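# Working through the structure, step by step
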Amino acid sequence: MKSLFAAANLLVLVSLACAVPEGAQESGGSGGNGLKPAPDLVLDRVDGNGQLALSDHKGKVVLVDLWATWCAPCIAELPTLQKMAERFGPDDFLMLGVVLESGDADEIRAFVEDKGIHYPQVIGVDGTKESFGPFLGYPTKYLIDREGRVVKRYFGAVGDGLGSDIEGLIETGRLAKEPTS
């Protein structure tokens, strides 16, 4: 009986580990059909400089990264996200980290400083991770177009592949792989 119970537990763990493949993506397209508005998050900044409202950045392409300081794939991807924040600059693009389940502001601030992350970070509260829809795990990223609509969701560490989608939205208002009908 013990071995049956152990086998069942192992099956559950393997299923959970495989539920969110690395770099998985979902796209709603950017043609206006089926796109839902991004939630109007208003959260405290990690640096202590007040709050950041997502709606204040309408008109920019925004990448929201939901992450935690204890999440290895999240941490591994931070330098790539920092490079994207620098590459696309603040005029047309906002790279926004939403830190969840990671301690108080002082702990998070020290962690972010230690990792050399300079793009805006806010502290998520109860309901933040579900505000975009069903939440499956860390890291999860949401790409938002200039009109404030979620056009793509990324599960797991995606890396440099995000750059072409961001660039496409900034330059043409469309995802890079989207047909130009």
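An account of the accompanying structure is given in this report. What you see is a predicted model; the values in this text were computed from it and never measured.

## Section: helix α2 (residues 72-92)
Look at α2: 29 Å from first C-alpha to last across 21 residues, which is about the 30 Å you get at 1.5 Å a residue. Among all positions of α2, only Cys74, Glu77, Leu78, Thr80, Leu81, Gln82, Met84, Ala85, Phe88 and Gly89 are buried. Along its buried surface, α2 packs onto β5 (61-67), β6 (93-99), α3 (105-114), β8 (140-144) and α4 (162-172).

## With respect to the pattern of salt bridges
One pass over the full model with this rule turns up 9 salt bridges. In this structure, Lys141 and Asp65 form a salt bridge, with 4.0 Å as the shortest nitrogen-oxygen distance. Of the two residues, Lys141 is situated in strand β8 and Asp65 in strand β5; the sequence distance between them amounts to 76 residues. Its relative accessible area of 0% is what places Lys141 among the buried residues. Judged by relative accessible area, which is 1%, Asp65 ranks as buried. Through salt bridges with shared partners, a single network forms among Asp65, Glu77 and Lys141.

## Regarding the pairing of β8
Most of β8 is tucked away, with 5 of its 5 residues classed as buried. Neither face of β8 is exposed, since Thr140, Tyr142 and Ile144 on one face and Lys141 and Leu143 on the opposite face are all buried. Relative to β8, β5 runs antiparallel, the two sharing 5 bridges. By the bridge assignment, Leu66 is partnered in β8 with Thr140. In the sheet, β8 pairs with strand β9 (residues 149-155) via 5 bridges, with the strands oriented antiparallel. Bridge assignment links Thr140 to a residue of β9, and that residue is Phe155.

## Points about the packing of α2 against α4
Viewed as axis vectors pointing N to C, α2 and α4 meet at an angle of 5°, and their least axial separation amounts to 11 Å. When the interaxial angle is binned, α2 and α4 end up roughly parallel. Contact residues: α2 offers Leu81, Met84, Arg87, Phe88 and Asp92, while α4 offers Leu162, Gly163, Ile166, Glu167 and Ile170.

## Some points on the state of the cysteines
Under the criterion given, the structure shown has 1 disulfide. Here Cys71 is linked by a disulfide to Cys74, with a sulfur-sulfur distance of 2.4 Å. Sign of the S-S torsion, about 75° for the bond between Cys71 and Cys74, identifies this disulfide as right-handed. A relative accessible area of 6% means that Cys71 is categorised as buried.

## Some details on the packing of aromatic side chains
In the structure shown here, the tally under the stated rule is 5 aromatic pairs. Centre to centre, the rings of Trp70 and Tyr138 are 5.4 Å apart; their planes meet at 90°, and the pair counts as edge-to-face. Placement of the pair is Trp70 in the loop between β5 and α2 and Tyr138 in the loop between β7 (121-123) and β8, with a sequence separation of 68 residues. Where Phe132 meets Tyr142, the ring centres are 4.1 Å apart and the plane angle is 10°; that geometry is what we call stacked. Pair noted here: Phe132 is in the loop between β7 and β8 and Tyr142 is in strand β8, with a separation of 10 residues, a long-range link. The exposure class assigned to Phe132 is buried, which follows from its relative accessible area of 3%. When its relative accessible area of 2% is taken as the criterion, Tyr142 is described as buried. One aromatic cluster is present, formed by Trp70, Phe135 and Tyr138 through successive ring pairs.

About the thresholds
- Throughout this document, residue positions are counted from 1 along each chain, in the order its sequence is written.
- Restriction of local features to residues with pLDDT of at least 70 applies here, the model being predicted, together with a cutoff of 80 or more for giving and counting side-chain atom pairs; totals for whole chains, interfaces and linings are based on all residues.
- The basis for every side-chain value is the complete set of non-hydrogen atoms in the structure, without hydrogens or water.
- Put simply, DSSP H or I for four residues or longer makes a helix, DSSP E for two residues or longer makes a strand, and each gets a number counted from the N terminus.
- Multiplying 1.5 Å by the residue count of a helix minus one yields the expected span of that helix.
- When a residue's accessible area, from a 1.4 Å probe over protein chains only, is under 20% of the maximum for its type it is buried; when over 50% it is exposed; and in between it is partly exposed.
- Should any heavy atoms of two residues lie within 4.5 Å, those residues are considered in contact.
- A pairing counts as a salt bridge when a side-chain nitrogen of Lys or Arg comes within 4 Å of a carboxyl oxygen of Asp or Glu.
- Only strands that DSSP links by at least two bridges are regarded as paired with each other.
- Interaxial angle, 0 to 180 degrees, is taken between N-to-C directions of lines fitted to C-alpha atoms, where a helix line uses only the stretch in contact.
- Each angle receives one of four descriptions, namely roughly parallel if under 35 degrees, roughly antiparallel if over 145, roughly perpendicular if within 65 to 115, and oblique otherwise.
- Criterion for a disulfide: a pair of cysteine sulfur atoms within 2.5 Å.
- Two aromatic rings from Phe, Tyr or Trp, using only the six-membered ring of Trp, form a pair when their centres are within 6.5 Å; if the ring planes differ by under 30 degrees the pair is stacked, by over 60 it is edge-to-face, and anything between is tilted.

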